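If you want the building blocks of each chain, they are given just below.
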Amino acid sequence: MSGLGLGREAQEAAAVAAALERRRQRELQRQSRVFNAWLRTIGVDKDALDAQVKDRKIQEAAKKARNEELANEFKQNDKIMCMLEERQKYVIRNINKAVSDFQKNFQKPETRREFDLSDPQALKKDRPARLSDNDPRCTVSGLQKFMGEDLNYSLRMKFQKEQLREWSLQQQRDWKNALADKKFLDDLHDKNRIELDRKTMEQQRTEEETHRAVCAATKEFNRSQAAELAERKKLEKHQKMKDDMDEISSLLQGDLLSENPEQAISSFGRHRVITDRWKGMNQDQLMAIRSSQQQQVLEKLRLKEEERRRDAEWDRQSIQAARAQLILERHQQRQSWERCRALDSINAELSQEQKSKNIYLKEEEYSNVPTSQYFAQFNTTSR
C-alpha cells in the first residue's frame, strides 16, 4: 500500500511538473510573439489574420471562377436565344408572305360579299338620288322632293324683272310729281313769308313810335324827380352842417375835452374814479408814486447786497470743503502707496523663497538619474 501511495504521488508530481513546463513554454512562445514588432500589432495575432486573409482570397477566387462560369453560360444561352428568335422571325415572315400571296390571288376585294359597302368607286357608280320630278324613287320618306320648290325659276325671274321695271317707272313718276308739289309749296311758303315780314315791319314801326313817346314822358318825369331830390338833399345838408356845428361847440365847452378832473369822481367816494372819464393823476398822486418807487429801489439794492454776501459765504464754505476733500484724498492716496509698497516687499520675499525652493528641488530632490536596472524591471512578462 505504501508503494502504491508513493507511486501515485510521484505521478502527480510529474503531472504538475509537466503542466508547469507546458505553461512556461506557452509563456515563452507568447513573449516571442508579443515582444516581436514584426509579428504583432498592438496585441493582434498576425498568423491568424494571415490565415483569414488567405481563406478570404481562396473564397474570392472560387467566387470569381463561379461567376465567370455563370457568365460564360449566360453568353451561350444568349447566343442560342438570338438564333431561335432569328429562326422564328424568318418562319413568321415566310408565313405572312404566303398568306399575302394567297389573299392577292384567291381573295380579291371584288369577290367579297360586302364589297359594295366599302367600294371606293361606289359614288361614281351609283345613280343620282333624283333624276326628275317624276322619278318613282322620290317618295315621301326619301326626302328628295318638297312642297314649295322653285321649278319655274326662269319664268319667275322674267316676271320679277318686268315687275321691277314697272316699279322703277312708277317711282320716277311719283318722284317728279313730288318735286312739282314741293316746288309749289315752296313758292306758296315764300309768298306767305314775305307778307308776314311786311306785317311784322309795320308792327315793329308802330311799337318803336309808341316806345319813343313813352321814353320822352319818362325822361321828363325823371327830370322833375331829380330836381326835387336835389333840393331835398340841399336842405338836408344845410341842416346837418348846423347840427354838427352845435355838437362841436357843445363838446368844446364840455367836461370831456376840457379835462375837468371832477367829472371822473365816482358817486361811491373820492377814492374811486370812473374809468371812461378819468384823465390821469394829479401832481400829489404822481409824487406819492415816485416816492414809493424810490423806496422799492432801495429795498431791492438791500436785498441784492444781502444775496451777494450770502453767495460769498457759500463760496467760502465750498472752497473750504473742497480743500478738506483734497487733503483727505491726498491722505488716502499716501496710505494706498504705503500699502502697495508693503505688498511689493512681501511679494519680493515670497519670490525669493520660491526661487530658493526651486533651486533646492532641482539640485537636491530631483538630482537622482534612473539607471538601466530601473528600466529592466518593466516588460518582463507578456501579461
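Since the structure is predicted, the reported quantities are computational estimates derived from the model, not experimental observations. (Residues numbered from 1 in each chain as written. Predicted model: local features only at pLDDT ≥ 70, side-chain atom pairs only at ≥ 80, totals over all residues. Heavy atoms only, no water.)

Draft legend 1. Expanded view of the overall build of the chain. When you go through the chain residue by residue, the secondary structure sums to 7 helices and 4 strands. Looking at the chain residue by residue over its 383 residues, the buried ones come to 2%. Counting only contacts in the chain whose residues sit at least 6 apart along the sequence, the fraction spanning at least 24 positions is 21%. Counting every atom, the chain has about 36500 Å² of accessible surface; 56% of that belongs to carbon and sulfur. (Helix = DSSP H or I, 4+ residues; strand = E, 2+ residues; numbered from the N terminus. Buried < 20%, exposed > 50% of the residue type's maximum accessible area, 1.4 Å probe, protein only. Contact = heavy atoms within 4.5 Å. Areas by Shrake-Rupley, 256 points an atom, 1.4 Å probe, with all protein chains shown as cover.)

Draft legend 2. Summary view of the packing of aromatic side chains. Under the defined criterion, the tally for this structure stands at 1 aromatic pair. Measuring from ring centre to ring centre gives 5.1 Å for phenylalanine 102 and phenylalanine 106, while their planes differ by 35°; the resulting arrangement is tilted. With a gap of 4 residues between them, phenylalanine 102 and phenylalanine 106 both fall in helix H2 (residues 46-106), about one helical turn apart. The class of phenylalanine 106 is exposed, set by a relative accessible area of 62%. (Phe/Tyr/Trp six-rings, centres within 6.5 Å; stacked < 30°, edge-to-face > 60°.)

Draft legend 3. The confidence of the model for the chain, seen in detail. Within the chain, residue pLDDT values average 83, and 86% of them lie at 70 or more. The secondary structure element of the chain with the lowest average pLDDT is strand S1 (residues 40-41), at 53, and the one with the highest is H2, at 90. (pLDDT = per-residue confidence, 0-100.)

Draft legend 4. Representation of the pattern of salt bridges within the structure. Inspection of the entire model under this criterion finds 18 salt bridges. For glutamate 114, the salt bridge goes to arginine 113, with nearest N and O atoms at 3.2 Å. A salt bridge links glutamate 306 to arginine 302; the nearest nitrogen and oxygen atoms lie 2.6 Å apart. Taken together, the residues glutamate 306 and arginine 302, both in helix H6 (residues 283-365) and 4 residues apart, mark about one turn of the helix. Taking relative accessible area as the criterion, arginine 302 reaches 38% and is therefore assigned partly exposed. (Salt bridge = Lys/Arg side-chain N within 4 Å of Asp/Glu carboxyl O.)

Draft legend 5. Quick look at a nonpolar patch on the surface. Among the surface-exposed residues, Tyr90, Val91, Ile95 and Val99 lie close enough to one another that they form a single nonpolar patch of about 370 Å² accessible area. When you line up the elements, valine 99 lands in helix H2. For valine 99, a relative accessible area of 42% puts it in the partly exposed group. (Patch = residues over 30% accessible without salt bridge, like charges linked within 9 Å, V, L, I, M, F, W, Y side chains within 5 Å.)

Draft legend 6. Representation of the side chain of aspartate 119. Along the polypeptide, aspartate 119 turns up in the loop between H2 and helix H3 (122-125). Within the structure, aspartate 119 has its side chain in polar contact with the side chain of lysine 125 (distance 3.2 Å). (Polar contact = N/O pair within 3.5 Å; in protein donor to acceptor, adjacent residues only side chain to side chain.)

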